[in-house]
Amino acid sequence: MIPAILPTYNRAPLSFVSGEGSWLVEADGRRFLDLGAGIAVNVLGHAHPGLTRALTEQAQALWHTSNLYQIPQQEALAQKLVDATFADTVFFTNSGTEACELAVKMARKYWTDKGQPDRHVVLAFTGSFHGRSSAGIAAAGSEKMTSGFGPLLPGFRHLPFGDHDALTEALKAPDIAAVILEPVQGEGGIVPVPDQCLKGLRDACDETGALLIFDEVQCGMGRTGKLFAHEWAGVTPDIMMVAKGIGGGFPLGALLATEDAACGMTAGTHGSTYGGNPLACAVGNAVMDNVADEAFLAEVNRKAGRMRQGLESLVASHPDVFEAVRGSGLMLGLKCKVPNGDVVSAGFAQQVIVVPAADNVVRLLPALNITDDDITEALDRLDKAAAVLAPVDA
Ligand SMILES: *Cc1c(COP(=O)(O)O)cnc(C)c1O
């Protein structure tokens, strides 16, 4: 018999009932150190007092109206995002997938309005992840996500990740509307795009006019130690997808764009019932007020340095379990030699939570405000988990 919940997830036999900071409490009372943060969502940890206050105060005043009316909380959040980034304008969604949908629509509308409707192809990269809608799976293109769901949304072309020559060649095609990529691949196994490649990509797009879309759903919102990951390379996109961390656990996403890229999106061309409602934006504003702050990001970088150093030692002491550390800021991956699922399970046994990714990697995406003590404790628990998987010779 089919379960009451559509069985599309492989769930661990864990059920959390409360949380505080980087800790989660299981129904049986055990405390778990959370290095997954709801897959890069809980950027300020669990039960953050400022976020809880923002949510409850707004909940007592007004939950939802409609985008038929002005929403001051939405205007305030849009202005914060515009002030902090390359963008001139923002559309709010409930998720990263919906931001992807709009990114693709915006790029196609852009070229249609420029009198070139045949420029509708979006170039994407293998190993990427852009969400589970029809456009999202067509954009990522992996067999695992698309199999059985045909016919796929047409107008996507895929390139091997990290092959600049293939990219320059592909961009010469007359039907290219845009290029979409994650500055740090998340689901694909925590793979950062080198700064030089992002610069080369920006230049290549400028030459042909193709719009550049960055998917910062996972790597954005302070995760890499800058508010957005592309800032490290000193380049800006034309369009950017944001979600996960922006709501700190409340469903919220956003699509940011330059005035030029957004020129086709006039009244009536797009919409969302919930997108950017007062409750979501009250929380989003509180997240931005905490994260878009130089002192906060400096702390992320300092802690990331400690975490990375600790993980390098972990790899060195467990050469049969781990191969390498990779990633950027507090978006870290451990490439495993044993199956990554075994590492996740061994972590559960030590009450530390890590998240699997493709390419046999486990991801560490802790709350950005994780404490130094919790980092020390996390490294200690990971060390114990690894020792169980492959006992180190005394
Ligand atoms: C999670 C993710 C998405 C999809 O976001 P949802 O909120 O699950 O729809 C898109 N792109 C990237 C890079 C992601 O990590």
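Up top you'll find the structure we're talking about.
Residues numbered from 1 in each chain as written. Predicted model: local features only at pLDDT ≥ 70, side-chain atom pairs only at ≥ 80, totals over all residues. Heavy atoms only, no water.

(A) The arrangement of the side chain of Arg108 in detail. Position of Arg108 among the secondary structure elements: in helix α4 (residues 96-113). The side chain of Arg108 sits in the buried core without any salt bridge; Glu101 is the nearest counter-charge, 8.1 Å away. Only 3.0 Å separates the side chain of Arg108 from the backbone oxygen of His120, close enough to count as a polar contact. Once residues lying within four places of it in the same chain are set aside, the contact partners of Arg108 are His120, Leu153, Pro154, Gly155 and Phe156. (Helix = DSSP H or I, 4+ residues; strand = E, 2+ residues; numbered from the N terminus. Buried < 20%, exposed > 50% of the residue type's maximum accessible area, 1.4 Å probe, protein only. Lys, Arg positive; Asp, Glu negative; His and termini not counted. Salt bridge = Lys/Arg side-chain N within 4 Å of Asp/Glu carboxyl O. Polar contact = N/O pair within 3.5 Å; in protein donor to acceptor, adjacent residues only side chain to side chain. Contact = heavy atoms within 4.5 Å.)

(B) Representation of the pattern of salt bridges within the structure. One pass over the full model with this rule turns up 17 salt bridges. For the salt bridge of Asp28 with Arg30, the shortest nitrogen-to-oxygen distance reads 2.9 Å. Between Asp372 and Arg302 there is a salt bridge, with its nearest N and O atoms 2.8 Å apart. Separated by 70 residues along the polypeptide, Asp372 in helix α12 (residues 372-389) and Arg302 in helix α10 (residues 294-317) bring together distant segments of the chain. In this structure Asp372 comes out as partly exposed when scored by relative accessible area, which is 25%. If you follow the salt bridges from partner to partner, you end up with Glu299, Arg302, Arg306 and Asp372 in one network.

(C) Summary view of the packing of aromatic side chains. All chains considered together, the criterion is met by 3 aromatic pairs. Ring geometry for Tyr110 against Trp111: centres 5.0 Å apart, planes inclined by 90 degrees, an arrangement best described as edge-to-face. Trp111 shares its class with Tyr110; the two are buried. Seen in terms of ring centroids, Phe125 and Phe161 are 6.2 Å apart; in terms of plane orientation they differ by 80 degrees. Their pairing is edge-to-face. Taken together, the positions of Phe125 in strand β5 (residues 121-125) and Phe161 in the loop between β6 (156-159) and α7 (164-171) put the pair 36 residues apart, joining distant regions of the chain. Exposure remark for Phe161: the relative accessible area of 26% places this residue in the partly exposed category. (Phe/Tyr/Trp six-rings, centres within 6.5 Å; stacked < 30°, edge-to-face > 60°.)

(D) Expanded view of unusual backbone geometry. Along the chain, Gly150 connects to Pro151 via a cis peptide bond; the corresponding omega equals -5 degrees. For Pro151, the position within the fold is in the loop between α6 (143-146) and β6. Of note in this structure, Ala37 is not a glycine but carries a positive phi near 50 degrees. Tracing the backbone through its elements, the reader meets Ala37 in helix α1 (residues 37-40). On the basis of relative accessibility, which here comes to 1%, the residue Ala37 falls in the buried class. In this structure, Ile190 is a non-glycine residue whose phi angle is positive, near 60 degrees. According to the relative accessible area criterion, Ile190 is buried, its value standing at 0%.

(E) Representation of the sheet that holds strand β17 (residues 361-364). Read across the open sheet, the 4 strands follow the order β13-β14-β17-β16; overall the sheet is antiparallel. The sheet is open, and its two borders are formed by β13 (322-328) and β16 (355-357), each paired with just one other strand. Neighbour-to-neighbour, the strand axes of the sheet open up by a mean angle of 30 degrees, direction not taken into account. (Pairing = 2+ DSSP bridges. Axes fitted to C-alpha atoms, helices over the stretch in contact; angles between N-to-C directions.)

(F) Just the packing of α10 against α12, in detail. Two elements in contact, α10 and α12, have axes whose closest approach is 10 Å; the angle formed by their N-to-C orientations is 15 degrees. As summarised for this structure, α10 and α12 are arranged roughly parallel, according to the angle between their axes. The hand of the α10/α12 crossing is right-handed. Residues Arg302, Lys303, Arg306, Met307, Gly310, Leu311 and Leu314 of α10 touch α12, and the partners they reach there are Asp372, Ile375, Thr376, Leu379, Leu382 and Asp383. Residue classes in the contact of α10 with α12 are distributed as 6 nonpolar, 2 polar and 5 charged. (Parallel < 35°, antiparallel > 145°, perpendicular 65-115°, else oblique. Left-handed = near helix turned anticlockwise from the far one by under 90°. Nonpolar A, V, L, I, M, F, W, Y, C, P; charged D, E, K, R; others polar.)

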